[in-house]
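Structure assessment
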Amino acid sequence: MKTTVSVIKADIGSVSGHCVAHPELMDICDEVLNEALETGILKDYYVSRCGDDIDLIMTHDKGEENEEVHKTAYSAFMKATERARELKLYGAGQDLLSDTFSGNIKGMGPGVAEMEFEERPSDPVLVFCCDKTEPGAFNMPIFRMFADPFNTAGLVIDPSLHDGFKFEVFDVIEHRKVILNCPEEMYDLLALIGSTGRYVIKRVWKKNGEIASAISTERLNLMAGEYVGKDDPVAIVRAQSGFPANGECVDPFAFPHMVSGWMRGSHNGPMMPVSEAEANPIRFDGPPRVVGLGFQVANGELIGPVDLFDDPAFDPTREQAAKIATYIRRHGPFEPHRLPAEEMEYTSLPGVMTKLEERFEDME
Ligand code: 13P
Ligand code: 13P
Ligand code: MG
Ligand code: MG
Ligand code: MG
């Protein structure tokens, strides 16, 4: 029997401002998922949080895009939103674009990453949850896990990884997709995914078609048609035995790469890997964070998690990220701290530009 891992996340209100999801909201999500466990919709679940985003990590045997599972997640978020409104939390119901569930959570605001697989004799599954950034933030670390031999020793020395992986890339602006093989088409892949705001890795498979990774690619602002917050993505990664080792999956995050998001979803800044307890983006509403949770999936049950970045070996990364934050903050409203003009289209800036438009006059 196959097991499905579904990670569905949303920001439904936080304290103070966009910092942290209120614990009561997580308790309500826990209650709703527990009911789904009792009625057999879910096999297991774990409720986590990164900043103001609540991450529902769920296992079941119903496959991807299952209506009951998606409805469970949406109901949890809607019920918790009621409490968020009572507490007048900031951005109560922020990522829920509709009051009624309509069959599939896609396009309704929350981010979704799902994968179905036949469990191996031992199946380590890692979940990464971000805040104050966008889906393209995973492009570099996912590329490095599955295609960079300087990150993943197994690509070179382990025959079960030596053939490489297939990458599915979404063009989130033109709504098209392409599959590229690595290492054969590595330069083509990099030509696309270096543009993190447009080309986003959605899935990675082994060459034999076995699923290796799935990433949420929903772009909230494109769905809502206005700025309502950043898309704060999640990713699922399978590790060991034919996939990169656990340590090869976390090592890309030892480099605090630049991602877009941060304050008002309008700034570039360093990605800081943190423990669940330190997933509190406070300085200038950031810098952007990523939490890593390591599970063993056993007959649909989630064993764990290990809090993957709760390791002093990541302290220098966090220090470096804090230093980069200080450096780039000195640019204030200037690029490259502020996002380039085409990305600012999806923020609150067009409102200011409209007002300025009538002041412009043609030059000869
Ligand atoms: P252990 O000897 O600790 O099991 O380590 C095995 C390994 O391959 C680590 O990458
Ligand atoms: P979130 O997407 O995390 O709500 O961030 C919104 C924002 O504008 C932070 O400054
Ligand atoms: Mg928010
Ligand atoms: Mg958020
Ligand atoms: Mg957001």
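The rules we used
Residues numbered from 1 in each chain as written. Chains lettered and ligands numbered in written order. Predicted model: local features only at pLDDT ≥ 70, side-chain atom pairs only at ≥ 80, totals over all residues. Helix = DSSP H or I, 4+ residues; strand = E, 2+ residues; numbered from the N terminus. Rg over C-alpha atoms; globule rule 2.2 N^0.38 Å. Buried ≥ 20, exposed ≤ 12 C-beta atoms within 10 Å, placed from the backbone. Contact = placed C-beta atoms within 7 Å. Near = placed C-beta within 6 Å. Nonpolar A, V, L, I, M, F, W, Y, C, P; charged D, E, K, R; others polar. Core = buried A, V, L, I, M, F, W, Y, C linked by C-beta atoms within 7 Å. UniProt positions renumbered as here; feature names shortened; annotations may be inferred. Pairing = 2+ DSSP bridges. Axes fitted to C-alpha atoms, helices over the stretch in contact; angles between N-to-C directions. Left-handed = near helix turned anticlockwise from the far one by under 90°.

1. Brief notes about the overall build of the protein
A count of helices and strands for the protein gives ten helices and 17 strands. The C-alpha atoms of the protein give 20 Å as radius of gyration, which agrees with the globular expectation for 364 residues (21 Å, within 12%). Principal-axis analysis of the C-alpha atoms gives the protein an extent of 70 × 50 × 40 Å. In the protein, which comprises 364 residues, the share counted as buried stands at 48%. When contacts within the protein are restricted to residue pairs at least 6 apart in sequence, those whose partners lie at least 24 apart make up 71%.

2. Observations concerning the site of ligand 2
The full set close to ligand 2 counts 15 residues, and His18, Gly229, Lys230, Arg264 and Asp285 are the nearest of them. When grouped by side-chain class, the residues that make up the shell around ligand 2 number one nonpolar, six polar and eight charged.

3. As for helix H3 (residues 139-147)
Counting buried residues along H3, nine of its nine residues qualify, which places the element largely inside the surrounding structure. Burial in H3 covers these residues: Asn139, Met140, Pro141, Ile142, Phe143, Arg144, Met145, Phe146 and Ala147.

4. Some points on the nonpolar core
The biggest cluster of nonpolar side chains holds 90 residues, and the ones touching the most others in it are Cys29, Leu33, Leu56 and Ile236. Ile236 has contacts with Val5, Val7, Ala113, Met115, Val125, Val127, Ser213 and Ala214, leaving out every residue within four places of it along the chain.

5. Focus on the UniProt feature "binding site: dihydroxyacetone phosphate" (unreviewed entry) in the protein
Feature annotation in UniProt assigns "binding site: dihydroxyacetone phosphate" (unreviewed entry) to the following positions: His18, Lys132, Arg264 and Asp285. What stands out for the annotated residues spanning 268 residues is how close their C-alpha atoms remain, the widest pair being 9.6 Å apart. You can see Arg264 is positioned in the loop between strand S13 (258-261) and strand S14 (267-270). Judged by the 18 C-beta atoms lying within 10 Å of it, Arg264 falls in the partly exposed class. The residues contacting Arg264, other than those within four sequence positions of it, are Thr347 and Ser348. Relative to the assigned elements, Asp285 resides in the loop between strand S15 (272-274) and strand S16 (289-298). Given 22 C-beta atoms within a 10 Å radius, Asp285 is considered buried. If we ignore the near neighbours within four places in the chain, the residues touching Asp285 are His18, Lys132, Trp262 and Met263.

6. Re the UniProt feature "binding site: Mg(2+) 3" (unreviewed entry) in the protein
If you check UniProt for "binding site: Mg(2+) 3" (unreviewed entry), the listed places come out as Lys230, Asp231 and Asp232 in our numbering. In this fold, Lys230 is placed in the loop between helix H6 (220-224) and strand S12 (234-238). Sequence-distant contacts of Lys230, defined by excluding residues within four places in its chain, comprise Lys132, Thr133, Glu134, Gly261 and Gly265. Here Asp232 shows up in the loop between H6 and S12. The contacts of Asp232, once residues within four sequence positions are left out, are Lys9, Asp11, Asp53, Gly111, Cys130, Asp131, Lys132 and Thr133.

7. Considering the pairing of strand S4 (residues 44-50)
By the criterion of burial, S4 is predominantly enclosed, with six of the seven residues buried. Direction of pairing for S4 relative to strand S5 (residues 53-60): antiparallel, over a ladder of seven bridges. In the strand pairing of S5, Val47 is matched with Leu56. Following S4, the chain reverses through two residues before pairing antiparallel with S5; Gly51 in that reversal takes a positive phi of roughly 60 degrees.

8. Concerning the packing of helix H1 (residues 23-38) against helix H2 (residues 67-86)
The geometry of a pair of packed helices is captured by two quantities: the angle between their axes and the separation between those axes. Where H1 contacts H2, the two axes come as close as 9 Å, and the packing angle between them is 145 degrees. Here H1 runs over H2; the crossing is right-handed. In contact with Glu24, Leu25, Ile28, Cys29, Val32, Leu33 and Ala36 of H1, H2 contributes Thr72, Ser75, Ala76, Lys79, Ala80, Arg83 and Ala84. Here the contact of H1 with H2 is composed, by residue class, of nine nonpolar, two polar and three charged.

9. Regarding unusual backbone geometry
Cis rather than trans, the peptide bond between Cys182 and Pro183 has omega equal to 15 degrees. If you trace the backbone, Pro183 turns up in the loop between strand S9 (176-182) and helix H5 (186-193). Even without a glycine there, the phi angle at Ser241 is positive, about 40 degrees. A positive phi is found at Asp285, a non-glycine position, where the angle reads about 55 degrees.

10. Some points on the environment of Ile324
Tracing the sequence through the fold places Ile324 in helix H8 (residues 315-329). Separated by 267 residues in the primary sequence, Ile324 and Ile57 place their C-alpha atoms 32 Å from one another. Not counting the four nearest positions on each side in its chain, Ile324 is found in contact with Pro256 and Pro270.

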